[in-house]
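What follows is the residue order along each chain.
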Amino acid sequence: MAQFDHIRSAAGTRAVEIDEGLRAHMNKVYGTMSIGMLITFAAAWAISNLAVTSDPATAAAQLNANTYLTSLGVALFASPLKWVLMFAPLAFIFGFSAGINRLSASAAQLVFYIFAAVMGVSISWIFLVFTGQSIIQVFLITSIAFAGLSLVGYTTKKDLSGMGTFLIMGLIGLIAASILNIFIASSALAFAVSAIGVLIFAGLTAYDTQQIKNTYLQMAHAGDQEWLGKAAIMGALSLYLDFINMFMMLLQLLGNRE
């Protein structure tokens, strides 16, 4: 009986350790993601301010009645470089995902922050197109929706893995439609992409949160802190992409244009 109590006590202690480890792991995921978001929006805001001017004497091109593009603005938004900036984050993601096993956890974290800065430069155009107030409002809406969806993914007892395949297939279709619309510039297709995109990334937020949690629970017994550190970075990347894309889709639907 004493031996049974000892085994039960040890099992209970181990369960508590796993729960504490999971909380620390999720805190690292959300913390890393939050820093990435801060870097992205700081970079986007800084670049947008360097790209425009109200002084026609120092301008390289006119944007609207009272706003002009600087030489940097013309290079970023009105030259072939804009295509590089548009697709740079996608190329970065593929390269990062393929090479993370060769990186240390600290190096992976640094690469993630560099990627967040690149993403900020890539989306800096939103400060030229949408009003600052609408950007803030949509950001708050996205934050509330993201928090609720991530909480659902973390707490639900339902296995969400079955919806993962459909969400990934939908994401591939969404990317294809977005690329197509670059060339045909259809407002109806743009609206459909944004509306469907919000639903897809809402589902992915809950799905990815559950996957991050389950991955930790499956690997916690191994005690490989280096692997868990890199898993936290990849988890942060997944949720970061869910947030950014949901924000961009909602901004297209709800944002007020300059």
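None of the values given here were measured: they were computed from a predicted structure.

## Let's talk about the nonpolar core
Ranked by internal contacts, the top residues of the largest apolar core, which has 54 residues, are Met33, Phe112, Phe115, Tyr240 and Phe247. For this core, the leading source of residues is helix 9 (residues 225-254), giving 16 residues. Discounting residues that sit within four places of it in the chain, phenylalanine 115 has contacts with Pro89, Phe92, Ile93, Leu237, Tyr240 and Leu241.

## Observations concerning the environment of isoleucine 200
Note that isoleucine 200 resides in helix 8 (residues 187-219). Each C-alpha atom, one on isoleucine 200 and one on serine 106, is 31 Å from the other, the two residues being 94 residues apart in sequence.

## A look at the UniProt feature "transmembrane region" (unreviewed entry) in the chain
Taking the numbering used here, the UniProt-annotated feature "transmembrane region" (unreviewed entry) corresponds to residues 29-48, 68-98, 110-128, 134-154, 166-184, 190-207 and 227-251. Taken as a whole, residues 29-48 contains 100% helix and 0% strand, while its terminal C-alpha atoms sit 29 Å from one another. Strand forms 0% of residues 110-128 and helix 84%; the C-alpha atoms that close the span are 29 Å apart.

## Comments concerning helix 6 (residues 132-155)
The terminal C-alpha atoms of helix 6, which comprises 24 residues, lie 35 Å apart, in line with the 34 Å expected from a rise of 1.5 Å per residue. For helix 6, the set of buried residues is Ser134, Ile135, Val138, Thr142, Phe146, Ser150 and Gly153.

## Digging into the sheet that holds strand 1 (residues 52-53)
Strand pairing in a sheet is mediated by backbone hydrogen bonds. Such pairs are either parallel or antiparallel. The antiparallel open sheet is built from 3 strands, whose spatial order is 1-3-2. The open sheet has two edge strands with one neighbour each: strand 1 and strand 2 (61-62). For strand 1 and strand 3 (residues 68-69), the ladder comprises 2 bridges, and the chain directions are antiparallel. Directly across from threonine 53, in strand 3, lies its bridge partner tyrosine 68.

## Let's talk about the packing of helix 6 against helix 8
It is at 7 Å that the axes of helix 6 and helix 8 come closest, and there the two elements cross at 40°. Between helix 6 and helix 8, the angle falls in the class oblique. The hand of the helix 6/helix 8 crossing is right-handed. Counting all contacts with helix 6, which are made through Phe146, Leu149, Ser150, Gly153 and Tyr154, the residues of helix 8 involved are Ala202, Thr205, Ala206, Thr209, Gln210 and Lys213. Of the residues assigned to the contact of helix 6 with helix 8, the class counts are 5 nonpolar, 5 polar and 1 charged.

## Things to note about the confidence of the model for the chain
On average, the chain scores 86 in pLDDT, and the residues at 70 or more come to 92%. Of all the helices and strands in the chain, strand 2 carries the lowest mean pLDDT, 73, while helix 6 carries the highest, 94. Low pLDDT (under 50) marks residues 1-11, which in the prediction has 0 contacts with non-local residues, meaning those over four places away or in another chain.

## Thoughts on unusual backbone geometry
For alanine 185, which is not a glycine, the phi torsion comes out positive at approximately 50°. In this structure, alanine 185 sits in the loop between helix 7 (161-184) and helix 8.

## Some details on the environment of serine 106
Here serine 106 lies in helix 4 (residues 105-122). For the pair serine 106 and lysine 230, spaced 124 residues apart in sequence, the C-alpha separation works out to 8.2 Å.

## Focus: the environment of glycine 120
Residue position: glycine 120 is located in helix 4. What makes glycine 120 buried here is its relative accessible area of 0%. Put simply, glycine 120 and aspartate 208 are 88 residues apart on the chain and 22 Å apart in space, counted from C-alpha to C-alpha. Excluding anything up to four places from it in sequence, glycine 120 contacts Thr40, Ala43 and Ala44.

## Looking at a nonpolar patch on the surface
A cluster of nonpolar side chains, namely Trp83, Met86, Phe87, Leu90, Phe94, Ile175, Ile179, Leu180, Phe183 and Ile184, defines an oily patch on the protein surface of about 940 Å² accessible area. Among the elements of the structure, helix 3 (81-99) and helix 7 are those that each provide at least two residues to the nonpolar patch. Position of phenylalanine 183 among the secondary structure elements: in helix 7.

Reading the values: the criteria
Residues numbered from 1 in each chain as written. Predicted model: local features only at pLDDT ≥ 70, side-chain atom pairs only at ≥ 80, totals over all residues. Heavy atoms only, no water. Core = buried A, V, L, I, M, F, W, Y, C linked by side-chain atoms within 4.5 Å. Buried < 20%, exposed > 50% of the residue type's maximum accessible area, 1.4 Å probe, protein only. Helix = DSSP H or I, 4+ residues; strand = E, 2+ residues; numbered from the N terminus. Contact = heavy atoms within 4.5 Å. UniProt positions renumbered as here; feature names shortened; annotations may be inferred. Expected span 1.5 Å × (residues − 1). Pairing = 2+ DSSP bridges. Axes fitted to C-alpha atoms, helices over the stretch in contact; angles between N-to-C directions. Parallel < 35°, antiparallel > 145°, perpendicular 65-115°, else oblique. Left-handed = near helix turned anticlockwise from the far one by under 90°. Nonpolar A, V, L, I, M, F, W, Y, C, P; charged D, E, K, R; others polar. pLDDT = per-residue confidence, 0-100. Patch = residues over 30% accessible without salt bridge, like charges linked within 9 Å, V, L, I, M, F, W, Y side chains within 5 Å. Areas by Shrake-Rupley, 256 points an atom, 1.4 Å probe, with all protein chains shown as cover. Salt bridge = Lys/Arg side-chain N within 4 Å of Asp/Glu carboxyl O.

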